[in-house]
2 protein chains.
Amino acid sequence: MELPPNVLSQSCASRRYLALVASKWSLLVINALDDGPARNSFLMRKVGGISQKILTQTLRDLAAASLVSREDHGTLPPHVTYRLTPLGQSFRREVRSLIAWVEGNMPALRGAEPDQH
Amino acid sequence: MELPPNVLSQSCASRRYLALVASKWSLLVINALDDGPARNSFLMRKVGGISQKILTQTLRDLAAASLVSREDHGTLPPHVTYRLTPLGQSFRREVRSLIAWVEGNMPALRGAEPDQH
DNA sequence: CAGCATCCAGAAGGATACTG
DNA sequence: CAGTATCCTTCTGGATGCTG
């Protein structure tokens, strides 16, 4: 007798992972990752406006959820690469679709500028 | 000579709408909305854990982006309903897909609990 | 019933300096 | 180059009480 996951339920564990989805920086980093390995500095340049601190934190969170894997080549100067896991690649398809929707619907979304509170 | 929207660019206006996407409460409210009209109290009950303040704020933001429409029946006691616009329904498809992914991949995501910082 | 105003604790995140 | 540490500001959002 086990209930299926349901994000609308406050107590459902899926809420925890939704937080990962509903994070601006996670979405952008996932979107920036291609199939090959990517380095810290590369991602810093690719994701406009992200800080070193946030990038590191985001990558750690994504790695903890096993969406990306981290490989430290142990050289000096350091050479560390990040790569999407198969699960991460599956997730990236969702993210890309969402982002494509936003970019594609910019004309419709314009005209009604969102409040800034 | 106009560039296409690109969320990876810090200055792109699409970033503003991405914030709407990358919001836990927006995703849950959109997900909770069916095709018919929905009332405040109904949404409060359906979206577990949301407060009155946040629900109102979220609905206002979604309305400002013309994803939902607000209809005040002008009666007393007040009767106000919210409804997805066609644009909102299109968006809901994306959201549902994303949420289905999260719920469907719970088994894979478990095992690697995300950090709480 | 819908929603606004106020207060406030905690989280997010930017800037900067430093280290192996 | 990759990452940590510290400080500090801004934003998020919960709680409560009030109004037409």
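Here we summarise the structure given alongside this text. Quick caveat: nothing in here was measured; it's all calculated off a predicted structure.

This brings us to the sheet that holds strand β3 (residues 80-84) of chain A. Residues and elements named next belong to chain A. In spatial order, the strands read β1-β3-β2; together these three strands make up an open sheet with antiparallel pairing. Two strands lie at the open edges of the sheet, namely β1 (38-39) and β2 (68-72), each paired on one side alone. In terms of strand pairing, β1 meets β3 through two bridges, oriented antiparallel. Its bridge partner being in β3, Ala 38 is matched across the sheet by Tyr 82.

To continue, consider the protein's contact with DNA strand D. Taken together, 16 residues sit near DNA strand D, with A:Arg39, A:Ser41, A:Arg70, A:Tyr82 and B:Lys53 positioned nearest. A distance of 2.8 Å separates a phosphate oxygen of DNA strand D from a polar side-chain atom of A:Arg39. Separating a phosphate oxygen of DNA strand D from a side-chain N or O atom of A:Arg70 is a distance of 2.2 Å. For the surface near DNA strand D, the secondary-structure elements that each account for two or more residues are α3 (40-46), α4 (52-64) and β3 of chain A together with α4 (52-64) of chain B. A total of three residues in the surface near DNA strand D trace back to one element, the largest contributor, which is α4(A). Classifying every residue of the surface near DNA strand D by side-chain character gives seven nonpolar, five polar and four charged.

By the definition in use, this model includes two aromatic pairs over all chains. Between A:Phe91 and B:Trp101, the aromatic rings sit 4.8 Å apart at their centres with planes inclined by 45 degrees, giving tilted as the arrangement. In this pair, A:Phe91 sits in helix α5 (residues 86-104) while B:Trp101 sits in helix α5 (residues 86-104), so the two residues belong to two different chains. On the basis of relative accessible area, A:Phe91 is assigned to the buried category, the value being 1%.

On to unusual backbone geometry, then. Residue and element names in this part refer to chain A. Between Leu 76 and Pro 77 the backbone carries a cis peptide bond, its omega angle lying at 0 degrees. Within the secondary structure layout, Pro 77 lies in the loop between β2 and β3. Even without being glycine, Ser 66 reaches a positive phi, approximately 55 degrees. Within the secondary structure, Ser 66 sits in the loop between α4 and β2.

With that settled, the discussion passes to the environment of A:Leu20. All names here are of chain A. Along the chain, the position of Leu 20 falls in helix α1 (residues 14-21). It is 17 Å that separates the C-alpha atoms of Leu 20 and Lys 53, two residues lying 33 residues apart in sequence. If near-sequence neighbours (up to four positions away) are discounted, Leu 20 is found in contact with Ser 26, Asp 61, Leu 62, Ala 65 and Leu 67.

All right, on to the pattern of salt bridges then. All names here are of chain A. Applying the stated rule across the entire model yields eight salt bridges over all chains. As a salt-bridge pair, Asp 35 and Arg 92 come within 3.0 Å of each other at their nearest N and O atoms. Here Arg 92 lies in helix α5 and Asp 35 lies in the loop between α2 (24-32) and β1, a separation of 57 residues in the sequence. Note on Arg 92: relative accessible area 10%, which makes it buried.

We now examine the protein's contact with DNA strand C. DNA strand C sits among 16 residues. The nearest are A:Lys53, A:Pro78, B:Arg39, B:Arg70 and B:Tyr82. Each atom of DNA strand C within 4 Å of the protein was classed as base or backbone; sugar and phosphate made up 59%. Residue A:Lys53 places a side-chain N or O atom 2.4 Å away from a base oxygen belonging to DNA strand C. Between DNA strand C and B:Asn40 there is a distance of 3.3 Å, counted from a phosphate oxygen to a side-chain nitrogen or oxygen. For the surface near DNA strand C, the secondary-structure elements that each account for two or more residues are α4 of chain A together with α3 (40-46), α4 and β3 (80-84) of chain B. Among the elements that make up the surface near DNA strand C, the one with the highest residue count is α4(B) (four residues).

A few words now on the relation of the copies chain A and chain B. Expressed as a screw operation, the relation of chain A to chain B combines 0.0 Å of axial shift with a rotation of 180 degrees, fitting to an RMSD of 0.1 Å. Such a combination of rotation and displacement between the chain copies is what one expects of a two-fold axis. Across chain A, the rotation axis passes nearest the C-alpha of A:Ala22, at a separation of 2.1 Å. Mapped onto chain B, 100% of the interface residues of chain A are again interface residues, and the two copies thus contact each other with one and the same surface.

Rules and cut-offs
- What you see as residue numbers is a count from 1 along each chain, following the sequence as written.
- To read the labels, note that chains go from A and ligands from 1, taken in the order they are written.
- It should be noted that, the model being predicted, local features are given only for residues of pLDDT at least 70 and side-chain atom pairs only at 80 or more, the latter also being counted only at that level, while totals for whole chains, interfaces and linings use all residues.
- Hydrogens and waters are ignored; side-chain quantities use all the structure's heavy atoms.
- Two strands are said to pair when DSSP picks up at least two bridges between them.
- The way it works is that DSSP assigns letters per residue, a run of H or I at least four long becomes a helix, a run of E at least two long becomes a strand, and they are numbered from the N terminus.
- Distances are taken per atom, and a residue is near a molecule or strand as soon as one of its heavy atoms is within 4 Å of it.
- By the criterion applied in these results, polar contacts are pairs of N or O atoms within 3.5 Å in which, for protein atoms, one can donate a hydrogen and the other can accept it, and in which residues neighboring in sequence qualify only through two side-chain atoms.
- Classes in brief: Ala, Val, Leu, Ile, Met, Phe, Trp, Tyr, Cys and Pro nonpolar; Asp, Glu, Lys and Arg charged; the others, Gly included, polar.
- The pairing test for Phe, Tyr and Trp rings, Trp by its six-membered ring, is centres within 6.5 Å, and the orientation test on the planes gives stacked under 30 degrees, edge-to-face over 60, and tilted for anything in between.
- Think of it in three bands: with a 1.4 Å probe and only protein chains considered, a residue is buried below 20% of the maximum accessible area for its type, exposed above 50%, and partly exposed in between.
- Should any heavy atoms of two residues lie within 4.5 Å, those residues are considered in contact.
- Only one rule defines a salt bridge in this text: a Lys or Arg side-chain nitrogen within 4 Å of an Asp or Glu carboxyl oxygen.
- The superposition of copies rests on a least-squares fit of C-alpha positions from residues with pLDDT of 70 or more in both.

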